[in-house]
Amino acid sequence: MTKAYTGGCACGAIRYTTKHEPVFQNHCQCRDCQLRSGTGHGSYLTFPARAEMAITGEATHWEVAGDSGNIKIHSFCPTCGTPVYLRFAAMPDMIAVHAGSLDEPSRFTPHVLTYKVRGLDWDPIDPSLKTFEKMPTG
């Protein structure tokens with residue numbers, strides 16, 4: 001059995017746990033991720049079974065349309081403001097957690113860099129990662 005992935009917000013009001021392995025791990029340099037993280041990118045682990053991820057606490061949610069027009073539902077702690085997870089209207093079974101919200105952030109192993117932005121020398125990303133100008137499909 002795989003060791004569970006656990007994590008939550010900075011103040012502990014929101015917690016999550018899942019026994020599943022992530023199906024996708026990525027850094028993203030889109031402008032939304034930059035604004036949300038306050039850095040040059042966001043880092044995420046996407047899991048296949050939202051229904052099997054236990055989440056405790058009440059998150060605040062806000063929606064944004066991606067470049068595809070699909071809605072992303074971002075969830076953060078209303079007390080400490082930590083971004084914790086996001087869901088996708090077009091793929092309701094999936095859920096992504098912010099890598100920094102993991103209890104063991106060293107378990108994050110990015111596969112790709114999406115929405116690569118040139119000229120962010122102040123926010124270097126591993127140059128060996130496969131990069132995409134947009135989110136890969138298929």
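All residue numbers refer to position in the chain's written sequence, counted from 1. The predicted nature of this model means local features are confined to residues of pLDDT at least 70 and side-chain atom pairs, given and counted, to a pLDDT of 80 or more, with totals for whole chains, interfaces and linings taken over all residues. Hydrogen atoms and water are omitted, and side-chain values are computed over all heavy atoms in the structure.

Under an unreviewed UniProt entry, the name given to the protein is Aldehyde-activating protein, and the source organism is Leptospira haakeii. One UniProt comment on the protein, placed under Sequence similarities (unreviewed entry), says "Belongs to the Gfa family." UniProt positions are given in the numbering used here, feature names are shortened, and annotations may be inferred rather than shown by experiment.

Student: How should the overall build of the protein be read in this particular structure?
Tutor: The number of helices and strands found in the protein is one helix and eleven strands. The C-alpha atoms of the protein give 14 Å as radius of gyration, which agrees with the globular expectation for 138 residues (14 Å, within 12%). For each residue, the accessible area found with a 1.4 Å probe, counting protein chains only, is set against the maximum for its type, and the residue is called buried under 20%, exposed over 50%, and partly exposed in between. Looking at the protein as a whole, 41% of its 138 residues are labelled buried. In this charge count, Lys and Arg are treated as positive and Asp and Glu as negative; neither His nor the chain ends contribute. Where a charge lies is defined by one atom per residue type: Lys uses NZ, Arg uses CZ, Asp uses CG and Glu uses CD. Side-chain charges in the protein split into 13 positive and 13 negative, and the spacing between the mean points of these groups amounts to 1 Å. Helix and strand labels come from DSSP, where a helix needs a run of H or I of at least four residues and a strand needs a run of E of at least two; each type is numbered from the N terminus. Both definitions apply: the radius of gyration is a C-alpha atom measure, and the globule rule equals 2.2 Å times residues to the power 0.38.

Student: Looking at this structure, I do not really get the side chain of Thr 46. What am I missing?
Tutor: Looking at the element boundaries, Thr 46 is found in strand β4 (residues 42-47). The contact rule is simple, with two residues in contact once any of their heavy atoms fall within 4.5 Å. Sequence-distant contacts of Thr 46, defined by excluding residues within four places in its chain, comprise Pro 22, Val 23, Phe 24, Met 94, Ile 95 and Ala 96.

Student: What should I look at first to understand the UniProt feature "domain: CENP-V/GFA" (unreviewed entry) in the protein in this one?
Tutor: Under the local residue numbering, the UniProt record ascribes the feature "domain: CENP-V/GFA" (unreviewed entry) to residues 5-126. In this annotation, residues 5-126 is assigned 6% helix and 42% strand; the end-to-end C-alpha distance for the span is 24 Å.

Student: Looking at this structure, I do not really get the nonpolar core. What am I missing?
Tutor: Side chains that are nonpolar tend, in soluble globular proteins, to be buried together. Side-chain atoms within 4.5 Å are what join buried Ala, Val, Leu, Ile, Met, Phe, Trp, Tyr and Cys residues into a set we call a nonpolar core. With 16 residues, the main nonpolar core has Leu 45, Phe 47, Val 97 and Leu 102 as its most contacted residues. Counting residues per element, the ones that place at least two in this core are β4, β8 (83-88) and β9 (91-98). Dropping the residues within four chain positions of it, Phe 47 is found in contact with Tyr 5, Thr 18, His 20, Glu 21, Pro 22, Met 53, Asp 93, Met 94, Ile 95 and Val 97. Formed by eight residues, the second largest nonpolar core is a distinct cluster that contains Leu 86, Phe 88, Ala 96 and Tyr 115.

Student: I'm lost on the environment of His 20 in this one. Help?
Tutor: Position of His 20 relative to the elements: it lies in the loop between β2 (15-18) and β3 (24-28). The sequence separation of His 20 and Thr 2 amounts to 18 residues, and the corresponding C-alpha distance is 7.4 Å. In this structure, His 20 is in contact with Tyr 5, Phe 47, Pro 48, Ala 49 and Glu 52, ignoring residues within four places of it in sequence. What qualifies as a polar contact is a pair of N or O atoms within 3.5 Å, subject to a donor-acceptor requirement within protein and to the restriction that residues adjacent in sequence count only when both atoms come from side chains. Here the side chain of His 20 touches Glu 52 through a polar contact of 2.6 Å, side chain to side chain.

Student: I would appreciate a short explanation of the pairing of strand β7 (residues 71-76) in the present structure.
Tutor: A regular strand carries its side chains on alternate faces of the sheet. For two strands to be treated as a pair, DSSP must find at least two bridges joining them. Inspection of the sheet shows strand β6 (residues 60-65) paired to β7 by six bridges, in the antiparallel sense. Following the sheet pairing, Thr 60 is matched in β7 by Phe 76. Between β6 and β7, which follow one another and run antiparallel, lie five residues, and Gly 69 among them has a positive phi close to 95°. A loop of six residues connects β7 with β8, the two strands running antiparallel in sequence, and Gly 81 in this loop sits at a positive phi of about 85°.

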